Structure formats: structure tokens, C-alpha cells
Amino acid sequence: DNWAVGSWHLHTKYPKVVVVVEDMPSAEKLHAVPGVNAIALLGTSLPDELSNRIARAYPGIPIVLSLDNDATSNIVLTVVNARRLIPTLRGIQLDKDIKDLTPKELDEYAAKII
């Protein structure tokens, strides 16, 4: 039942950005990016309960929603719906799952989010 609040991957005490992804392997891959904490949705929906927890835990910190390419349509709808709870939320579409990015591709992605 606690999966509704996602899987939190806290790599730094004071993150520059928090990235919300679909799965735990993608969240762990972001450990390689300095200043980034990640939250795995364990799916493609961002429930209000999780949005509220993120907003309370990271007030004023940029939050990036990055869903896999097959969930592109969810990004826009999710950002529009969740922005009322997380004003710093923005979405970035992925061409490739984060867990499958090469080191060079991960560096390019990191440049987009930080």
C-alpha cells in the first residue's frame, strides 16, 4: 500500500533538482548526476498524495518529471494537474529510458535538468 508514495532515492541532502521517473533502476542511475535526488513513481501516474509529499519535502526546489517515451502523453497531463501542488514542476520527454542511457547521454540529460 505504501507504493502510492513512490520510491525515494536520496543521493544528496541539498539537491539542486529532484527528478521523478517511472522506475527504480532509472532513479538509481541518476545517482551518477551530482546534486540530483530521484523519486520513482513505480508507474506513470503522480498521485496527489505523492505530489503533496514532494512539495513539502522540497519547497522551491525544481522538480522534473521524466517519463519513458511510451508515456509521453502522460507528461503534459500530469504536469498540468500536479503543478497546482508542485509549482516548480516541469516535464522533460525522454527518447530513451534513463536506465538505458549511456554515460554521454546521461551527461546530456543532466545538462537539461540542472
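Residues numbered from 1 in each chain as written. Predicted model: local features only at pLDDT ≥ 70, side-chain atom pairs only at ≥ 80, totals over all residues. Heavy atoms only, no water.

(A) Main features of helix H4 (residues 103-113). Every buried residue of H4 is listed here: Leu106, Tyr109, Ala110 and Ile113. Down the axis of H4, the buried side of the element spans an arc of 105 degrees, and every buried residue falls inside it. Within H4, the exposed residues directed more than 90 degrees away from the buried face are Lys104, Asp107, Ala111 and Lys112. Contacts from the buried residues of H4 go to strand E2 (17-21), helix H1 (24-29), strand E3 (36-40), strand E4 (63-65) and strand E5 (89-91). (Buried < 20%, exposed > 50% of the residue type's maximum accessible area, 1.4 Å probe, protein only. Helix = DSSP H or I, 4+ residues; strand = E, 2+ residues; numbered from the N terminus. Arc of directions from axis to C-beta. Contact = heavy atoms within 4.5 Å.)

(B) Up close: the nonpolar core. If you look at the biggest cluster of nonpolar residues, it comprises 18 residues, and the most contacted ones within it are Val19, Leu30, Tyr109 and Ile113. At four residues, H4 tops the list of elements feeding residues into this core. Those residues within four positions of Ile113 in sequence are excluded, and the remaining contacts are Val17, Val19, Val36, Val64, Arg90 and Ile92. Counting 17 residues, the second-largest nonpolar core is a separate cluster that includes Val20, Leu41, Tyr58 and Leu65. (Core = buried A, V, L, I, M, F, W, Y, C linked by side-chain atoms within 4.5 Å.)

(C) Spotlight on the side chain of Ser26. Note that Ser26 resides in helix H1. According to the relative accessible area criterion, Ser26 is buried, its value standing at 2%. The contacts of Ser26, once residues within four sequence positions are left out, are Val21, Ile98 and Lys99.

(D) Here's a closer look at the sheet that holds E3. Reading across from one edge, E1-E3-E2-E4-E5 is the order of the five strands in this open sheet, with mixed pairing throughout. A single partner strand is all that each edge strand has here, and the edge strands are strand E1 (7-9) and E5. Strand-to-strand, the axes of this sheet are offset by a mean angle of 25 degrees, without reference to chain direction. Across three bridges, the pairing between E2 and E4 is parallel. Paired with Val18 across the strands is Ile63, a residue of E4. Helix H2 (residues 48-57) contacts E1, E2, E3 and E4 of the sheet and is inclined by roughly 25 degrees relative to E1. (Pairing = 2+ DSSP bridges. Axes fitted to C-alpha atoms, helices over the stretch in contact; angles between N-to-C directions.)

(E) Structural view of H2. Buried within H2 are the following residues: Leu50, Ser51 and Ile54. Taken around the axis of H2, the buried residues stretch over an arc of 105 degrees, which confines them to a single face. Among the structural elements, E1, E2, E3, E4 and helix H3 (72-82) are those in contact with the buried residues of H2.

Note that all results are geometric; they support no functional claim without further evidence.
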